[in-house]
Each structure stands twice: as C-alpha cells, then as structure tokens.
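A structural walkthrough
Letter by letter, the chains look like this.
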Amino acid sequence: MDKFKHKKSLGQNFLKDENVLRKIKDSIQVSEDDLILEIGPGQGALTKYLIEYGCKVICFEIDKRVEPYLEKYKNGSLEIIFDDFLNVDILNIVKDYHYKNLYVVANLPYYITTPIITKLIESKLNIQEMVLMVQNEVADRFTAKPGCKDYGSITVYLNYFYDIEKLFFVKRTSFSPAPNVDSAVIKFKKKVQPYKVKDEALFFKLIRDAFQFKRKNIKNNLKNYDLNLVEQVLLKSGYNLSTRAEQLPIEIFVEIANLLNY
C-alpha cells in the first residue's frame, strides 16, 4: 500500500485480502453485455478483478489522489468518474450505456452506507444485484428477521425492494488501515415478485411511524392512524395492537398500508 495517506474523513479502509476480493468478484455472475457500477474503488484492488468480466465498468471515486493507481487498470471498458457518488446524476451517466443487466459492487464507507443504498434505490435504476461490503452490525440489521432485536424500519424498507443475504464475514485485519469494526459482504437481489403496494409513500411513512419508538407497541406508535383497520389486519394474522413493530413481517405492513389506502 506504499505511503499513501488514508483519509479518515472519507472512511478510507482499503481492502487488501486477495481471497476476499476474489470471493466478492465471484459472488456475481456477469456477462460481457452487462454493466457494473463500482462505488469507492480506492486504489483499484477490486477493480482489477471486475474488469476481468470484460463488460463495461464505471467507477465512482471521491479522492483524486488515487488516480495514478486506478489509471493502471484503464482500458476500453473502464470509466472512472472522480466525484462524490451522492452528488452525481447517476441516471444521466448510465443512460449513455447499452447493457443487459446492471450490477453494483462496493466497499462502502461505513458512515454513508445507508445514504448510498437509498440513492441507488430512489434512482429507480433497474439494478439486478448489489454486492456490498458493510459493517458487520449493519449487515445483521439489513438481513434481520421479524422478532430479532436488529429488525427495524430500515430492514423492512430494504427488503421491500430486494432479497438480502449475508454472504460472508470479513475480519478487520483484511483492511489497510484496519477499522475498529468487522465487516460483512451482503448481496441484494432484485425481487422476482415485488410486493403490491397501492401507495408507496403511505407504506414508507407507516413503517417509519411503526418503528418510531422501539419500546412502544403498535397501538401507541400508530395512534394517528385508523386503529380499527390496523387491528383488523393484525387479528387476522394472530397479532394484536399490543404487538411491537419488530415482531411483524413485511407482508403485514403491506396489508395494513393497502387497507388504509381507501
């Protein structure tokens, strides 16, 4: 890694374990007709594996100091955009590319993990799969099941769009410099059968409100909603107004939102 000065403010922890890098690359099956977006390539440790697919790869990197490192992997299929991914017009960039399937691969800075994922979802890009390196605790939250302490509004929100699985654990010593936490690689796979929600804005608000106060039950957190309709759905599935949001599967929230949308 020579004498490169990592910026803590950018969350720069570069992955150096070649075995982990290969496992990430092998976790997606990409053809030459596809397109990969890599967010935060750093010095290109993973980029060098991604270009092996022979498809178009677009890298988004905020730190121009790594340009000499990334330039080594520049070929006809690799484009490097030096900008803050949260500020780029992603739709405008991708529209110039012809591709069959779109994939996202990223070693995400931990402090902006959720904003980046939210931006990708809200962009309405037709992303087939996302393979992301995140903090291990965040991976647990994203993949949590109802009844677990890690299950929250962000879990329901993300699982509305994708099937999410934890692929493998990554110890902190796999990075340079080593972060203070361990990591995990997770895969987001576009749902084959999306949930049928009449009003997404209402559905997302319902989720936020239901989980607003973790220790309170549905009756308290959803007191501004029609509780008779909410209870109707809950009782039908073996729950009641004393149930906490963390116990309810996403299907229940979908049903409540659709019933409220009268």
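Given the structure is predicted, the values throughout are model-derived calculations rather than measurements.

**A word on the overall build of the chain**
Of the regular secondary structure elements, the chain holds 11 helices and 9 strands. The C-alpha atoms of the chain give a radius of gyration of 20 Å, which matches the 18 Å a tight globule of 262 residues would have. Principal axes of the C-alpha set define a box for the chain whose edges measure 65 × 40 × 30 Å. Counting every position in the chain, which comprises 262 residues, the buried fraction comes to 52%.

**Quick word on the pattern of salt bridges**
Two side chains bearing opposite charge may form a pair once their charged atoms approach each other closely. One pass over the full model with this rule turns up 14 salt bridges. Here Lys95 and Asp96 are joined by a salt bridge, their closest N and O atoms 3.3 Å apart. Its relative accessible area of 55% is what places Asp96 among the exposed residues. Residue Lys187 pairs with Glu129 through a salt bridge whose shortest N-O separation is 3.4 Å.

**Section: the layout of surface pockets**
A volume near 300 Å³ is recorded for the second largest pocket. Taken together, 13 residues line the second largest pocket, and the ones lying closest to its centre are Tyr160, Phe161, Tyr162, Lys190 and Pro194. Tallied by class, residues from the lining of the second largest pocket come to 8 nonpolar, 1 polar and 4 charged.

**Concerning the pairing of strand E2 (residues 35-39)**
Burial runs high along E2: 5 of the 5 residues are buried. Neither face of E2 is left uncovered, since the one carrying Leu35, Leu37 and Ile39 and the one carrying Ile36 and Glu38 both have all their residues buried. In this sheet, strand E3 (residues 56-61) lies alongside E2 in parallel orientation, the contact comprising 5 bridges. Bridge pairing in E3 places Glu38 opposite Cys59. Pairing geometry for E2 and strand E5 (residues 102-107), over 5 bridges, is parallel. Bridging across to E5, Leu37 finds its partner in Val104.

**Examining the sheet that holds E5**
Taken in spatial order, the 7 strands make up an open sheet running E4-E3-E2-E5-E6-E9-E7, and their pairing is mixed. Each having just a single partner strand, strand E4 (78-82) and strand E7 (162-170) make up the two edges of the open sheet. On average, adjacent strands in this sheet sit at an angle of 15° to one another, irrespective of strand direction. Here helix H1 (residues 18-26) sits on the sheet and contacts E5, strand E6 (127-135), E7 and strand E9 (183-190); the angle it forms with E7, its principal contact strand, is near 160°. The sheet contacts of helix H7 (residues 153-161) involve E7 and E9, and relative to E7 the element is tilted by about 115°.

**Examining the packing of helix H5 (residues 113-122) against H7**
Packing of H5 against H7 brings their axes to within 11 Å, and their N-to-C directions diverge by 35°. Considering the relative orientation of H5 and H7, their crossing is left-handed. Between H5 and H7, the residues in contact are Thr114, Ile117, Thr118, Ile121 and Glu122 and Ile154, Tyr157, Leu158 and Phe161, respectively. Grouping the constituent residues of the contact of H5 with H7 by class yields 6 nonpolar, 2 polar and 1 charged.

**Digging into empty space enclosed by the protein**
Tallied over the entire structure, the rule returns 1 cavity of 30 Å³ or more. Volume-wise, the largest cavity comes out at about 40 Å³. Residues of the lining of the largest cavity, tallied by class, amount to 4 nonpolar, 1 polar and 4 charged.

**Thoughts on the nonpolar core**
Core analysis: the biggest nonpolar cluster contains 66 residues, and Leu132, Phe188, Phe203 and Phe253 have the highest contact counts within it. The element best represented in this core is helix H11 (residues 250-260), accounting for 7 residues. If we ignore the near neighbours within four places in the chain, the residues touching Phe188 are Ile117, Gln128, Glu129, Met130, Leu132, Phe142, Leu158, Tyr162, Asp163 and Ile164.

Calculation notes
- Residues numbered from 1 in each chain as written.
- Predicted model: local features only at pLDDT ≥ 70, side-chain atom pairs only at ≥ 80, totals over all residues.
- Heavy atoms only, no water.
- Helix = DSSP H or I, 4+ residues; strand = E, 2+ residues; numbered from the N terminus.
- Rg over C-alpha atoms; globule rule 2.2 N^0.38 Å.
- Buried < 20%, exposed > 50% of the residue type's maximum accessible area, 1.4 Å probe, protein only.
- Salt bridge = Lys/Arg side-chain N within 4 Å of Asp/Glu carboxyl O.
- 1 Å grid on protein atoms, 1.4 Å probe; cavity = no way out; pocket = protein on both sides within 12 Å on 5 of 7 lines; lining within 4 Å.
- Points joined across faces, edges and corners; volume = space filled by probe spheres on them.
- Nonpolar A, V, L, I, M, F, W, Y, C, P; charged D, E, K, R; others polar.
- Pairing = 2+ DSSP bridges.
- Axes fitted to C-alpha atoms, helices over the stretch in contact; angles between N-to-C directions.
- Contact = heavy atoms within 4.5 Å.
- Left-handed = near helix turned anticlockwise from the far one by under 90°.
- Core = buried A, V, L, I, M, F, W, Y, C linked by side-chain atoms within 4.5 Å.

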